Structures are given as structure tokens and as C-alpha cells.
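Now for the letters of each chain:
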Amino acid sequence: MESDLESAVEELMQERGVVGVICTNQEGLALTVDGSASEVHAGLVSGIAQEARKLFPEIDLSPIVVLESDTW
């Protein structure tokens, strides 16, 4: 049976313009990777998310980091 996380990643990959998805835990380990995303970048993405969380410490949710580029 497919996990909720894997289902969410498949759904995201169907969105127009999405070329890759990385989901990490708080330690920076990749939970799942799809598309052109690489496990090598999981720690970096996790670090960006940790810094983003500091912007609104009163909100007890994990941030979603979206990187956009005009070159795709």
C-alpha cells in the first residue's frame, strides 16, 4: 500500500512546472525524492526549512520550501 507521503509527492509531480520534489526529516535525511531532485540536496533543503521556521516561531507547522527558476 502506498503511503500518504508518496501519494502527495505523485500529486505534486503532476502540477504544471514541477520538475522535482524532496521531502526531508528534521535531521536533513531524505524521506522521498522524485523527478530531477536529488537526495544530495536533502540536507540543504532541510536547513532552508529550519531557517524559514524561525520567521514565524509561533506557528507550529513545518514550512514548505518552494524553489522557482526562470530557466526551466
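Remember, predicted model here, so these are calculated numbers, not experimental data.

**Topic: the overall build of the protein**
Turning to step 1, where the next piece is worked out: Helices and strands together make up the secondary structure of the protein, namely 2 helices and 2 strands.
Turning to step 2, where the next piece is worked out: In the protein, the succession of helices and strands from N to C terminus is α-β-β-α.
Turning to step 3, where the next piece is worked out: Judged by the C-alpha coordinates and their principal axes, the protein covers about 35 × 30 × 20 Å.
Turning to step 4, where the next piece is worked out: Buried positions account for 15% of the 72 residues belonging to the protein.
Turning to step 5, where the next piece is worked out: For the protein, the share of sequence-separated contacts (at least 6 apart) that also reach a separation of at least 24 residues comes to 11%.

**Structural notes on the confidence of the model for the protein**
Turning to step 1, where the next piece is worked out: With 96% of its residues at a pLDDT of 70 or more, the protein has an overall mean of 90.
Turning to step 2, where the next piece is worked out: Across the protein, the element-wise mean pLDDT spans from 93 in helix H2 (residues 42-53) up to 95 in strand E2 (residues 30-35).

**Notes on the pattern of salt bridges**
Side-chain pairs of opposite charge can arise where the charged atoms are in close proximity.
Turning to step 1, where the next piece is worked out: Tallied over the full model, the rule gives 2 salt bridges.
Turning to step 2, where the next piece is worked out: Between Glu51 and Lys54 there is a salt bridge whose closest N-O contact spans 3.0 Å.
Turning to step 3, where the next piece is worked out: Judged by its relative accessible area of 47%, Glu51 is partly exposed.
Turning to step 4, where the next piece is worked out: Accessibility expressed as a relative area gives 58% for Lys54, which makes it exposed.
Turning to step 5, where the next piece is worked out: Put simply, Asp60 and Arg53 hold a salt bridge, and the shortest N to O gap is 3.2 Å.

**A look at the pairing of E2**
Turning to step 1, where the next piece is worked out: With 5 bridges connecting them, strand E1 (residues 20-24) and E2 associate as antiparallel partners. Across the sheet, Ile22 pairs through a bridge with Val33, a residue of E2.

**Some points on the pairing of E1**
Turning to step 1, where the next piece is worked out: Only one face of E1 is buried: it carries Val21 and Cys23, and the other face, with Gly20, Ile22 and Thr24, is open.
Turning to step 2, where the next piece is worked out: Between E1 and E2, which pair antiparallel in sequence order, lie 5 residues; one of them, Gly28, sits at a positive phi of approximately 90 degrees.

**Remarks on the side chain of Ser46**
Turning to step 1, where the next piece is worked out: By the secondary structure assignment, Ser46 is in helix H2.
Turning to step 2, where the next piece is worked out: A distance of 3.3 Å separates a polar side-chain atom of Ser46 from the backbone oxygen of Asn25.
Turning to step 3, where the next piece is worked out: Those residues within four positions of Ser46 in sequence are excluded, and the remaining contacts are Thr24, Asn25, Gln26, Glu27 and Gly28.

Cut-offs applied
- Residues numbered from 1 in each chain as written.
- Predicted model: local features only at pLDDT ≥ 70, side-chain atom pairs only at ≥ 80, totals over all residues.
- Heavy atoms only, no water.
- Helix = DSSP H or I, 4+ residues; strand = E, 2+ residues; numbered from the N terminus.
- Buried < 20%, exposed > 50% of the residue type's maximum accessible area, 1.4 Å probe, protein only.
- Contact = heavy atoms within 4.5 Å.
- pLDDT = per-residue confidence, 0-100.
- Salt bridge = Lys/Arg side-chain N within 4 Å of Asp/Glu carboxyl O.
- Pairing = 2+ DSSP bridges.
- Polar contact = N/O pair within 3.5 Å; in protein donor to acceptor, adjacent residues only side chain to side chain.

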